[in-house]
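Overview (structure and organization)
As a plain string of letters, each chain reads:
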Amino acid sequence: MDKSKRTFLKSKRSFRRRLPPIQSGDRIDYKNMSLISRFISEQGKILSRRVNRLTLKQQRLITIAIKQARILSLLPFLNNEKQFERTESTTRTSSLRARKR
């Protein structure tokens, strides 16, 4: 079989369409934390439109809502909990060493 003919053959895998991440009844708002938190990475970054599978209009509204929530202190600007725990534990151990002396 030629290479040109192979490209036109359809794969035999079944294709299941994913559900959209935002239903028609969901309201994109800075107060809707359960919705907004789905579109933020573990580090607190806004996920891209390609990852979220959103339309351009939905992505713009989500971005605006996240930024408003950050300004109103509903969301952190950065999520560095692991880094904070590491520095906190090192300060504890260094203060314990100082006490033993």
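The notes below deal with the structure included here. These numbers come from a predicted model, not from an experiment.

Quick word on a nonpolar patch on the surface
Taken together, the side chains of Ile 71, Leu 72, Leu 74, Phe 77 and Leu 78 make up a nonpolar region of the molecular surface, amounting to roughly 560 Å² of accessible area. Within the secondary structure layout, Ile 71 lies in helix α4 (residues 56-71). On the accessibility criterion, Ile 71 (66% relative accessible area) is exposed.

Examining the pattern of salt bridges
Taken as a whole and judged by the stated rule, the model has 2 salt bridges. We note a salt bridge from Lys 31 to Asp 29, for which the minimum N-O separation is 3.9 Å.

Digging into the environment of Ser 37
Of note, Ser 37 is situated in the loop between α2 (33-36) and α3 (49-52). In this structure the C-alpha to C-alpha distance between Ser 37 and Ile 66, which are 29 residues apart in sequence, comes to 8.6 Å. Here Ser 34 takes part through its backbone oxygen, which lies 3.2 Å from a polar atom of the side chain of Ser 37.

A closer look at α4
Here α4 contains 16 residues, and its C-alpha end-to-end distance of 23 Å stays within 8% of the 22 Å for a straight helix at 1.5 Å per residue. Restricting attention to buried positions, one finds in α4 the residues Gln 59, Ile 62, Thr 63, Ala 65, Ile 66, Ala 69 and Arg 70. Here the buried residues of α4 occupy an arc of 165 degrees about the axis, which is enough to place them on one side. Residues of α4 that are exposed and point over 90 degrees away from its buried face: Lys 57, Arg 60 and Ile 71. Against the buried residues of α4 lie α2 and α3. Directly beyond the C-terminal end of α4, a positive phi value near 65 degrees is found at Ser 73.

Rules and cut-offs
Residues numbered from 1 in each chain as written. Predicted model: local features only at pLDDT ≥ 70, side-chain atom pairs only at ≥ 80, totals over all residues. Heavy atoms only, no water. Patch = residues over 30% accessible without salt bridge, like charges linked within 9 Å, V, L, I, M, F, W, Y side chains within 5 Å. Areas by Shrake-Rupley, 256 points an atom, 1.4 Å probe, with all protein chains shown as cover. Salt bridge = Lys/Arg side-chain N within 4 Å of Asp/Glu carboxyl O. Helix = DSSP H or I, 4+ residues; strand = E, 2+ residues; numbered from the N terminus. Buried < 20%, exposed > 50% of the residue type's maximum accessible area, 1.4 Å probe, protein only. Polar contact = N/O pair within 3.5 Å; in protein donor to acceptor, adjacent residues only side chain to side chain. Expected span 1.5 Å × (residues − 1). Arc of directions from axis to C-beta. Contact = heavy atoms within 4.5 Å.

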